[in-house]
Amino acid sequence: TEAIRHVIFDFRMVSGVDSSAVALFERIALFARDHGFSVVLAGLTPSTRTQFSEFLRSYADMVAVEPDLDHGMAWCEDQLLQDRADSESPPTVLPDQLVERLGSYLRERHIPEGTRLMKEGDPTPGIYLITSGRATVLLTDPDGGEVRLRTLHEGTVLGEISLYRREPVTATVVVDTPCRVLHLTPEAFDQLCRDDPPAAAELHAFVARVLASRVSYANRTIRALHA
């Protein structure tokens, strides 16, 4: 079993804390320090944050504060991904030989921070291959708000489902940090399929592996939730 890396406390429904609660979190922080995990406090109100002020100063190395649960999850995910990046070589978006074969069909783009790379409900923009930077996937909830689904980093492929199904985009993607991407437009994709079927077949196989990996990850997550 993998060790616990981060623990999130959601204060969304908490209006205030007393001294005994602060003392309890001091014990939790000490336990976290001894066992090598961090604590995230999400959704603190201004008054609650004031009550935790001394605690936050004393345990700044072990405790993070985020505005809500979504941002808390994103913070934990970023830490895990950074740890992975530190221990592994950077991922490649596509095999080098396939990048060369697709070179004339791919357009390199530099996307500024804050840009909506794709918007839920819009026509498919094609496939984006993130070669550097970070973006966030957002989904509109029934009340019209946006819920964060996951963070995208270098090596991520996105937009392939809407392109292959020729359906509108199913989620919004916002660029968190300046990104460099390789963009395969629907028109370029169709031209690739017409002009170079062997290269298109390699791309199809690559996308199939990406989708299979995502299904495998989802299955593992479902099993863990039901365990």
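Residues numbered from 1 in each chain as written. Predicted model: local features only at pLDDT ≥ 70, side-chain atom pairs only at ≥ 80, totals over all residues. Heavy atoms only, no water.

Draft legend 1. How the structure looks around the confidence of the model for the protein chain. Per-residue confidence for the protein chain averages 85 on the pLDDT scale, and 89% of its residues sit at or above 70. Taken element by element, the predicted model of the protein chain shows its lowest mean pLDDT in helix α4 (residues 69–87) (70) and its highest in helix α7 (residues 186–195) (96). Every residue in residues 86–92 scores below 50 in pLDDT, and together they form three contacts with partners more than four places removed in sequence or on other chains. (pLDDT = per-residue confidence, 0-100. Helix = DSSP H or I, 4+ residues; strand = E, 2+ residues; numbered from the N terminus. Contact = heavy atoms within 4.5 Å.)

Draft legend 2. Seen up close, the nonpolar core. Within the largest apolar cluster, 19 residues are counted, with the highest numbers of intra-cluster contacts made by Leu-102, Ile-127, Leu-184, Leu-192 and Leu-203. Counting residues per element, the ones that place at least two in this core are α5 (96–102), β6 (127–132), β11 (179–184), α7 and α8 (197–226). Apart from residues lying up to four places away in sequence, Leu-184 is in contact with Tyr-105, Leu-106, Pro-125, Gly-126, Ile-127, Phe-189 and Leu-203. In terms of nonpolar packing, the next biggest core, distinct from the first, is built from 17 residues, Val-22, Phe-25, Ala-32 and Phe-52 among them. (Core = buried A, V, L, I, M, F, W, Y, C linked by side-chain atoms within 4.5 Å. Buried < 20%, exposed > 50% of the residue type's maximum accessible area, 1.4 Å probe, protein only.)

Draft legend 3. Structural context of the pairing of strand β8 (residues 146–152). Bridging between strand β7 (residues 135–140) and β8 involves six bridges; their strand directions are antiparallel. Residue pairing for β8: Ala-135 is matched across the bridge by Leu-152. Between β7 and β8, which follow one another and run antiparallel, lie five residues, and Gly-144 among them has a positive phi close to 95°. (Pairing = 2+ DSSP bridges.)

Draft legend 4. Representation of the pairing of strand β1 (residues 6–10) in the model. In the sheet, β1 pairs with strand β2 (residues 38–42) via five bridges, with the strands oriented parallel. Bridge pairing links His-6 to Ser-38 in β2. Once you follow β1 into helix α1 (residues 19–35) and on to β2, the crossover reads as right-handed. (Right-handed = clockwise from strand over helix to strand, strands pointing away.)

Draft legend 5. Quick look at the sheet that holds strand β5 (residues 116–118). Sheet architecture is open: four strands sit in the order β5-β10-β7-β8, paired in antiparallel fashion. One side of each edge strand has no neighbouring strand; the edge strands of this open sheet are β5 and β8. The average undirected angle you get between the axes of adjacent strands in this sheet is 35°. By the bridge criterion, two bridges tie β5 to strand β10 (residues 172–175) in an arrangement that is antiparallel. Counterpart to Met-118 in the pairing with β10 is Val-173. (Axes fitted to C-alpha atoms, helices over the stretch in contact; angles between N-to-C directions.)

Draft legend 6. Quick look at the pattern of salt bridges. For the structure on display, the rule yields nine salt bridges. Its salt-bridge partner being Arg-101, residue Asp-196 comes within 3.3 Å of it at the nearest N-O pair. One end of the pair, Asp-196, is in the loop between α7 and α8; the other, Arg-101, is in helix α5, and 95 residues separate them in sequence. Residue Asp-196 is classed as buried on the basis of its relative accessible area, which comes to 17%. Residue class for Arg-101 comes out partly exposed when judged on its relative accessible area of 33%. For the salt bridge of Glu-108 with Arg-180, the shortest nitrogen-to-oxygen distance reads 3.5 Å. (Salt bridge = Lys/Arg side-chain N within 4 Å of Asp/Glu carboxyl O.)

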